[in-house]
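Overview (structure and organization)
Each chain, written out:
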Amino acid sequence: QERDDYEVDRRAKLDSLKRRSQLVADALNALLGVSCNRAQGALYLFPSIELPENAIRAAALRGVQPDVFYALRMLEATGLVVVPGSGFGQKNGTWHVRMTFLPPDDEIHSVVSRLAGFHTAFLSEFQLASPDL
């Protein structure tokens, strides 16, 4: 019986991780300028993000990589932590972040909503903004 309980619990946790992973990847792919492959067994997603030229210039003015700038702005605006892809040796001129999908089922929709709201506001700000922001 103990072994059966373990397997039921294990399966429920794995199913939950898969469900959250797919939800977050789908939400990322719905965002303008973002593409994300589904997770392949790890606890991370690595979305690629097309950043506006004004955001790239604003990052340069601050002496940071554009993906670092994006990640810091996300943290400040939402409290969500992502890891800039520039720390992983990404292809020159591309921008990525690494994120998990570990928030519990009852919180994942809120996290996705905050992420989407931030991204939309970021694009809006930097598509129209001057680079000295």
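Calculation notes
- Residues numbered from 1 in each chain as written.
- Predicted model: local features only at pLDDT ≥ 70, side-chain atom pairs only at ≥ 80, totals over all residues.
- Heavy atoms only, no water.
- Pairing = 2+ DSSP bridges.
- Helix = DSSP H or I, 4+ residues; strand = E, 2+ residues; numbered from the N terminus.
- Phe/Tyr/Trp six-rings, centres within 6.5 Å; stacked < 30°, edge-to-face > 60°.
- Buried < 20%, exposed > 50% of the residue type's maximum accessible area, 1.4 Å probe, protein only.

Notes on the sheet that holds strand β2 (residues 44-45)
- The three strands are arranged β2-β5-β4 in an open sheet whose pairing can be described as antiparallel. Looking at the sheet topology across the chains shown, the edges are occupied by β2 and β4 (83-84).
- Relative to strand β5 (residues 97-100), β4 runs antiparallel, the two sharing two bridges. The partner of Val83 across the bridge, within β5, is Arg98.

As for the packing of aromatic side chains
- Tallied over the full model, the rule gives eight aromatic pairs.
- With a centroid separation of 5.5 Å and an interplanar angle of 75°, the aromatic rings of Phe69 and Phe126 are classed as edge-to-face. Taken together, the residues span a long stretch of sequence, with Phe69 in helix α3 (residues 66-78) and Phe126 in helix α4 (residues 105-128) at a distance of 57 residues. For the residue pair Phe69 and Phe126, the accessibility class agrees, reading buried in each case.

Taken by themselves, the reported measurements are silent on function.
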